[in-house]
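Single-letter residue listing:
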Amino acid sequence: MRSIILILVISVAFSRSEDQEIDYESLRAEIKSWEHKTVVDLIVEDGYPVESHYVTTEDGYILNMHRIPHGLSGKSNGKVAFLQHGVLESSADFLISGPGRALGYILADEGYDVWLGNFRGNRYSRNHTKLNPNWGAKFWKFDWHEQGIIDLPTMIDYVLKQTGVDAVYYAGHSQGTTSFYVMTSLRPAYNEKIKVHVSLAPIAFMNHMTSPLLRIISWWDGPLDILLGLIGMHEFMPSKIFLTLDSFICQGFTKILCENALFAIAGFSPAEMNMTLFPKLMAFTPAGASTRQLLHYAQEIATVIGHFRQWDYGPIINLAEYGRTYPPEYPLQKVTAPVYLIYSKNDWLAAETDVKKLHKHLGNAQGLLLVEDHGFNHLDFLYGINAYKYVYPKVVDIFDIY
Ligand SMILES: *[C@@H]1O[C@H](CO)[C@@H](O)[C@H](O)[C@H]1NC(C)=O
Ligand SMILES: *[C@@H]1O[C@H](CO)[C@@H](O)[C@H](O)[C@H]1NC(C)=O
């Protein structure tokens, strides 16, 4: 019953965005023309130097990192930037807006050696020394906890070794911030390897978030196999029915957005959407994730007080796994690297209350910055028309301090 009410809520949420006069058949054709392209193609077409690096984690996942060693002028400031994408995203998301507008290119032109991570399970890191991602459960048994305690340290150590610096300038979006808090709280030695961290749309506590699709997942009170049937048993592959939900409301431009799992979950603001970029954006997202990444967030959303804690197996297995009936909190006071949080009012996932709570708990929070444009949404931090005006200058200024 609760689920049906939620489906209605979704329909209303999507009906808020006005439809535009758009020939969406030709739009679909344009999206298709981008679909075979990779991040490397993207960077080459934009005229920047690019390298592709592979690094294998201790548990066998082969991660593909991308590097823009310098910008167009070739100038270097001797600093290394590390950019980490969020859930259902990839390294492409820091580049899609193009030169002069995307954070990856802006930092390269500022003189940074820019490295872009890709977490296990996304389209560039859907690979393993032994496990096959197409053969079911084992490959996909991870969430942002493992991405935080294994993938991030592996990638950061690799970057430090390749570049010879002793710490990176880290900017993360969404789950690229969650996993950062996981890493630095549970493996505090890694705080030393971070000059400064900037969180874009920070996610730790989540019980105030307003994304209707994530609410459905977190409030689901029916049988688990039905839910997994709708959103994907192991790899997150939501059915069209689940995403579109209401084909009467999702028409034209909105229809394409409704079918995109990333936008369906994170929301969008038509005013910030650059239609020139739209086909590219739809081709590069969503980039893949495990179902457990979403379910772990759903567990957080479902808690009334709001916890930022490890996977909840249920009381009996928790007792065996953690020695207590509920999962341990991530000890955020151990995050001693300097952290700046940049958030916005209209973010479906990073609610202001939750961001402020995170700010209070972090061991070394240095700044809490609100984006001036109150219509700014979760994904506008990456693709918004005004991200290069409202957000990235803040990142550059903060990096400059350290
Ligand atoms: C949309 O993106 C393109 C490519 O980066 C850019 O040239 C154009 O100015 C953008 N449009 C707006 C309204 O910002
Ligand atoms: C997976 O990694 C192996 C070993 O590095 C490589 O040979 C193979 O091409 C990769 N497969 C994919 C789909 O990337």
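Residues numbered from 1 in each chain as written. Chains lettered and ligands numbered in written order. Predicted model: local features only at pLDDT ≥ 70, side-chain atom pairs only at ≥ 80, totals over all residues. Heavy atoms only, no water.

1. Considering the site of ligand 1
Point 1. All residues in the neighbourhood of ligand 1 are listed as Ser 97, Arg 101, Asn 274, Leu 277 and Ile 385.
Point 2. Protein chains bury 55% of the 360 Å² of accessible surface belonging to ligand 1 in isolation. (Near = heavy atom within 4 Å. Areas by Shrake-Rupley, 256 points an atom, 1.4 Å probe, with all protein chains shown as cover.)

2. Thoughts on the pattern of salt bridges
Point 1. Within this structure, the stated rule accounts for 11 salt bridges.
Point 2. A salt bridge links Asp 59 to Arg 120, with the shortest nitrogen-to-oxygen separation between them at 3.0 Å. Taken together, the residues span a long stretch of sequence, with Asp 59 in the loop between strand E1 (51–56) and strand E2 (62–68) and Arg 120 in the loop between strand E4 (113–116) and helix H5 (144–163) at a distance of 61 residues.
Point 3. We classify Asp 59 as partly exposed; its relative accessible area is 30%.
Point 4. For Arg 120, a relative accessible area of 2% puts it in the buried group.
Point 5. Through salt bridges with shared partners, a single ionic network connects Glu 51, Arg 67 and Asp 113. (Salt bridge = Lys/Arg side-chain N within 4 Å of Asp/Glu carboxyl O. Helix = DSSP H or I, 4+ residues; strand = E, 2+ residues; numbered from the N terminus. Buried < 20%, exposed > 50% of the residue type's maximum accessible area, 1.4 Å probe, protein only.)

3. Side note on the pairing of strand E5 (residues 168–173)
Point 1. Where burial is concerned, most of E5 is hidden: six out of the six residues are buried.
Point 2. The alternating pattern of E5 places Val 168, Tyr 170 and Gly 172 and Tyr 169, Ala 171 and His 173 on opposite faces, both of which are buried.
Point 3. When strand E3 (residues 80–84) meets E5, the two strands line up parallel, connected through four bridges. Looking across to E5, one finds that Ala 81 is bridged to Tyr 169.
Point 4. Two strands pair when backbone bridges link them, and E5 and strand E6 (residues 194–200) are joined in this way by six bridges, in the parallel orientation. Each residue of the ladder has a partner; that of His 173, found in E6, is Leu 200.
Point 5. Once you follow E5 into helix H6 (residues 175–186) and on to E6, the crossover reads as right-handed. (Pairing = 2+ DSSP bridges. Right-handed = clockwise from strand over helix to strand, strands pointing away.)

4. As for the UniProt feature "active site" (unreviewed entry) in the protein chain
Point 1. The residues that UniProt annotates with the feature "active site" (unreviewed entry) are Ser 174, Asp 347 and His 378. Taking the farthest pair of C-alpha atoms as the criterion, the annotated set spanning 205 residues converges on one region, since that pair is 10.7 Å apart.
Point 2. Summarising the element assignment, Asp 347 is placed in the loop between strand E7 (339–343) and helix H15 (352–361).
Point 3. Leaving out residues up to four positions away in the same chain, Asp 347 has contacts with Ala 201, Thr 210, Phe 376, Asn 377, His 378 and Phe 381.
Point 4. Engagement of the side chain of Asp 347 in a polar contact is seen with the backbone nitrogen of Leu 349, the distance being 2.8 Å. (UniProt positions renumbered as here; feature names shortened; annotations may be inferred. Contact = heavy atoms within 4.5 Å. Polar contact = N/O pair within 3.5 Å; in protein donor to acceptor, adjacent residues only side chain to side chain.)

5. Observations regarding unusual backbone geometry
Point 1. The amide bond that connects Thr 285 to the next residue, Pro 286, takes the cis arrangement and shows omega of -10°.
Point 2. Along the chain, Pro 286 turns up in the loop between helix H12 (278–284) and helix H13 (291–302).
Point 3. A positive phi is found at Leu 88, a non-glycine position, where the angle reads about 65°.
Point 4. Here Leu 88 is to be found in the loop between E3 and helix H4 (103–110).
Point 5. We note that Ala 201 has phi near 55°; this positive angle belongs to a residue other than glycine.
Point 6. Note that Ala 201 resides in the loop between E6 and helix H7 (212–219).

6. Let's talk about the nonpolar core
Nonpolar side chains in soluble globular proteins tend to be buried together.
Point 1. If you look at the biggest cluster of nonpolar residues, it comprises 120 residues, and the most contacted ones within it are Phe 82, Phe 180, Phe 263 and Phe 399.
Point 2. Beyond its immediate chain neighbours, meaning those up to four positions away, Phe 399 contacts Lys 79, Ala 81, Leu 107, Tyr 112, Tyr 169, Tyr 170, Ala 171, Val 196 and Val 198. (Core = buried A, V, L, I, M, F, W, Y, C linked by side-chain atoms within 4.5 Å.)

7. Some details on the packing of aromatic side chains
Point 1. Counted according to the given criterion, the structure contains 24 aromatic pairs.
Point 2. Pairing Tyr 112 with Tyr 169 gives two aromatic rings, centres 5.8 Å apart and planes at 70°, and the pair type is edge-to-face. Note that Tyr 112 is positioned in the loop between H4 and E4 and Tyr 169 in strand E5, a separation of 57 residues in sequence.
Point 3. Look at Tyr 112 and you get buried, because its relative accessible area is 1%.
Point 4. Ring centres 6.1 Å apart and planes at 75° place the aromatic pair Trp 115 and Tyr 158 in the edge-to-face group. Note that Trp 115 is positioned in strand E4 and Tyr 158 in helix H5, a separation of 43 residues in sequence.
Point 5. For Trp 115, a relative accessible area of 0% corresponds to the buried category. (Phe/Tyr/Trp six-rings, centres within 6.5 Å; stacked < 30°, edge-to-face > 60°.)

8. Description of the pairing of strand E8 (residues 365–370)
Point 1. Sheet analysis places E7 next to E8, joined by five bridges and oriented parallel. The partner of Leu 341 across the bridge, within E8, is Leu 368.
Point 2. For the crossover that starts at E7, traverses H15 and ends in the parallel E8, the hand is right-handed.

9. Here's the deal with the sheet that holds E7
Point 1. Pairing within the open sheet is mixed, and its eight strands lie in the order E1-E2-E4-E3-E5-E6-E7-E8. With partners counted over all chains shown, the strands left at the sheet margins are E1 and E8, one partner each. Strand-to-strand twist of the sheet, defined as the mean angle between neighbouring strand axes without regard to direction, takes the value 20°.
Point 2. Pairing between E1 and E2: six bridges, direction antiparallel. Looking at E2, one finds that Val 55 is bridged to Leu 63.
Point 3. Strand contacts of H5: E1, E2, E3, E4, E5 and E6, with the helix running at about 160° to E3, the strand carrying the most contacts.
Point 4. Along the sheet face, H6 touches E3, E5, E6 and E7 and points at about 140° away from the line of E6. (Axes fitted to C-alpha atoms, helices over the stretch in contact; angles between N-to-C directions.)

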